[in-house]
Structures are given as structure tokens and as C-alpha cells.
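# Topology and contacts: notes
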Amino acid sequence: MERGVGITWGATGVRSDWAALYAEHAGAIAGFLAKLTGDREVAAELAQETFVRAMRAHPDPADIRSLRAWLFRVAANLGRDHLRRRSLLRFVPFSGREP
């Protein structure tokens, strides 16, 4: 059964190869993102999003050379995007006269 673009779902959920990779790498990726963002909760969400995007881009992780490095690159890009959005929101002036 297909639930999303590029993600194959079975009776137990996400393909077992991605589930095993998540178990192996998610902690390190979340730790990296926690250092990058300074927020553990945001880091946990971004770590999950890292794997969602990875599964969509490559349904079969065996096709990826240097898988760990690639996952960290995806995570770094997500972390930088988050920081960029956060910094933009901080600098939006609020005058208090908006309707």
C-alpha cells in the first residue's frame, strides 16, 4: 500500500530498512541538530523530518553512497533553514498599531 510519494508502507509501517537506519542514526542526528539549533525539541522534530525527506527522495537506502554523510547533509540543510526562518521572524518589527 502506498501512502506517500516514494515511501513504501507495509503491515508494520515504514519499510524495515529505513526503520533500522532511523534506530541507528536518529540519536546522532538529533544531537547534531540540538547543537545547531540550541533547542532539543526542535532538533527532535527536524531529525524526524530528515528521515521523512530521505525516504521520499530515496525509497531504497541501498542506492545511497555514504548514507550517514548524506543524512547529516539533509539534517544540516533543515537546521539551517530553521535558523534562517527563526532569524527572519525575530527581526520583523511590530509597532503595535496593526489592526
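Conventions we followed
- Residues numbered from 1 in each chain as written.
- Predicted model: local features only at pLDDT ≥ 70, side-chain atom pairs only at ≥ 80, totals over all residues.
- Heavy atoms only, no water.
- Helix = DSSP H or I, 4+ residues; strand = E, 2+ residues; numbered from the N terminus.
- Expected span 1.5 Å × (residues − 1).
- Buried < 20%, exposed > 50% of the residue type's maximum accessible area, 1.4 Å probe, protein only.
- Polar contact = N/O pair within 3.5 Å; in protein donor to acceptor, adjacent residues only side chain to side chain.
- pLDDT = per-residue confidence, 0-100.
- Contact = heavy atoms within 4.5 Å.
- Salt bridge = Lys/Arg side-chain N within 4 Å of Asp/Glu carboxyl O.
- Core = buried A, V, L, I, M, F, W, Y, C linked by side-chain atoms within 4.5 Å.

## Let's talk about helix α2 (residues 40-57)
Between its first and last C-alpha atoms α2 spans 25 Å; for 18 residues at 1.5 Å apiece the expected length is 26 Å, and the two agree. Along α2, the residues that are buried comprise Val42, Ala43, Leu46, Ala47, Thr50, Phe51, Ala54 and Met55. You can read the cap of α2 off the contacts: a side-chain oxygen lies 3.0 Å from the backbone nitrogen of Glu41, and it is on Asp39.

## With respect to the confidence of the model for the chain
Looking at the chain as a whole, its pLDDT mean stands at 81, while 73% of the residues score no less than 70. Residue range residues 1-14 is modelled with pLDDT below 50. Its contacts to residues more than four positions away, or to other chains, number 17 contacts.

## A closer look at the environment of Ala76
Position of Ala76 relative to the elements: it lies in helix α3 (residues 67-90). Owing to a relative accessible area of 4%, Ala76 belongs among the buried residues under this scheme. Separated by 47 residues in the primary sequence, Ala76 and Ile29 have C-alpha atoms spaced 9.0 Å apart. Ala76 has contacts with Phe32 and Leu36, leaving out every residue within four places of it along the chain.

## Topic: the pattern of salt bridges
Overall, the coordinates contain two salt bridges when judged by the stated rule. Residues Glu49 and Arg53 are paired through a salt bridge, measuring 2.9 Å at the closest nitrogen-oxygen approach. One end of the pair, Glu49, and the other, Arg53, are both in helix α2, four residues apart, so they sit about a helical turn from each other. Accessibility expressed as a relative area gives 42% for Arg53, which makes it partly exposed.

## Quick notes on the nonpolar core
Counting 20 residues, the largest nonpolar core has Trp18, Ile29, Leu33, Leu46, Phe51, Leu67 and Leu71 as the members making the most contacts within it. Contributions of two or more residues to this core are made by α1 (16-37), α2 and α3. No other element matches the seven residues that α2 contributes to this core. In this view, Leu46 contacts Leu33, Thr37, Leu78, Gly79 and His82; residues no more than four positions away in its chain are not counted.

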